[in-house]
Amino acid sequence: MDPQPFSPAEPAAIEQATPDDDPRGAAALLVDSRGRYLLHLRDANKRICDPGTWSIPGGDREGAETSREAVERELLEETGLAVPLEEFTVVDTVGPDGVGGRARVYLGAWDGDADDLPCPEGIMFRHFDVGTVPYLTMCPWTKEVIDLHQARGAPVPAPARASSGGRARLNLVGAHLYLEREGRVLLGLRHPGSAYAGNTHHFLAGHCEQESAVACVVREAEEEAGIAVDPADVELVHVVHVVDAPGGRPRMQLVFRARKWAGTPEVREPDRCLSWDWWPAESLPERVAPYARAAIEGIRAGRLYTELGW
């Protein structure tokens, strides 16, 4: 899993992609102004590439995508970020089935707070300086990319200029399922180690990927709880526009009601949810995610929209 050959005296030329030789994989190495790397802790005990290691955002090309189109899509889906990227290197990788592949790595700059990023896949995002990297359980090719970046003098691209007076910022979009049965609402008790709302009750929910919000909530219902929902039976019942703290990333939380569904809720992702229970709408548990509680109150009051934390 070696990066493309590099000599400090004569940097290797970046491969120029063509439809035939463009690697299937694409990833983004993001560096902040302090020289720290944004790394992603991947799920363990799953059949994925490099499980349980710190890596960088990325994934495979889809359809006729180029590597650049793929890395921009993956970065937006996994982090909510859209930053300028420049080609950096190509590395050898190994898939979950042991078959080798390649990934084109792009370099970008980002100075934000890793805790503000969503984490629809994996465990968490964190910044690490180069001195800490050797002590992490690293994805092998990611470690080699960082070593190569250091060998090249650790260049940091100039961050993008803010537009519209520096006020433009992407809003994250979440899709949530509101199920009610005989006056009781379905809530899941999140795992204490969850990146968000640990040991707290919450809706069945997920961040929208490359899909509609309805498709997201239908997918999450099956993946998280084994519940089958027909998109035709889904209706929007509340929206919460929330920011957790002043200056934090704004989130648009869409709450959908399913008029009918099939299946009994079961724990399908025990690393994220401990149980599914039906709670009286007028007597919710003490620990409920604040915007979920606000949405339930809004639905019962017949309101469609709530702002929280602004």
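Note that this is a predicted model, so its numbers are computed, not measured. (Residues numbered from 1 in each chain as written. Predicted model: local features only at pLDDT ≥ 70, side-chain atom pairs only at ≥ 80, totals over all residues. Heavy atoms only, no water.)

Enquirer: I'm lost on the environment of Val94 in this one. Help?
Expert: Residue position: Val94 is located in strand 5 (residues 86-94). Residue class for Val94 comes out partly exposed when judged on its relative accessible area of 33%. Val94 sits 47 residues away from Trp141 along the chain, and the two C-alpha atoms are 9.0 Å apart. (Helix = DSSP H or I, 4+ residues; strand = E, 2+ residues; numbered from the N terminus. Buried < 20%, exposed > 50% of the residue type's maximum accessible area, 1.4 Å probe, protein only.)

Enquirer: Sorry, what's going on with helix 2 (residues 140-151) here?
Expert: An α-helical segment advances 3.6 residues per turn. Residues three or four places apart therefore align on the same side. The terminal C-alpha atoms of helix 2 lie 17 Å apart, and with 12 residues this matches the ideal 16 Å at 1.5 Å per residue to within 8%. For helix 2, the full list of buried residues reads Trp141, Thr142, Val145, Ile146, Leu148 and His149. End-on, the buried residues of helix 2 take up no more than an arc of 160°, which puts them together on one face. On its buried face, helix 2 is in contact with strand 1 (25-31), strand 2 (37-41), strand 3 (54-55), strand 5 and strand 6 (100-109). Note on helix 2: the residue one or two positions beyond its end, Gly153, has a positive phi of about 95°. (Expected span 1.5 Å × (residues − 1). Arc of directions from axis to C-beta. Contact = heavy atoms within 4.5 Å.)

Enquirer: Is there a simple way to explain unusual backbone geometry in this structure?
Expert: Only a minority of non-glycine residues have a phi that is not negative, and only a minority of peptide bonds are not trans. With a phi angle near 60°, Asn45 is a residue other than glycine that sits in the positive phi range. Mapping Asn45 onto the fold places it in the loop between strand 2 and strand 3. The class of Asn45 is exposed, set by a relative accessible area of 83%. A positive phi angle, close to 60°, is found at Asn199, a residue other than glycine. Note on placement: Asn199 falls in the loop between strand 10 (184-190) and strand 11 (201-202).

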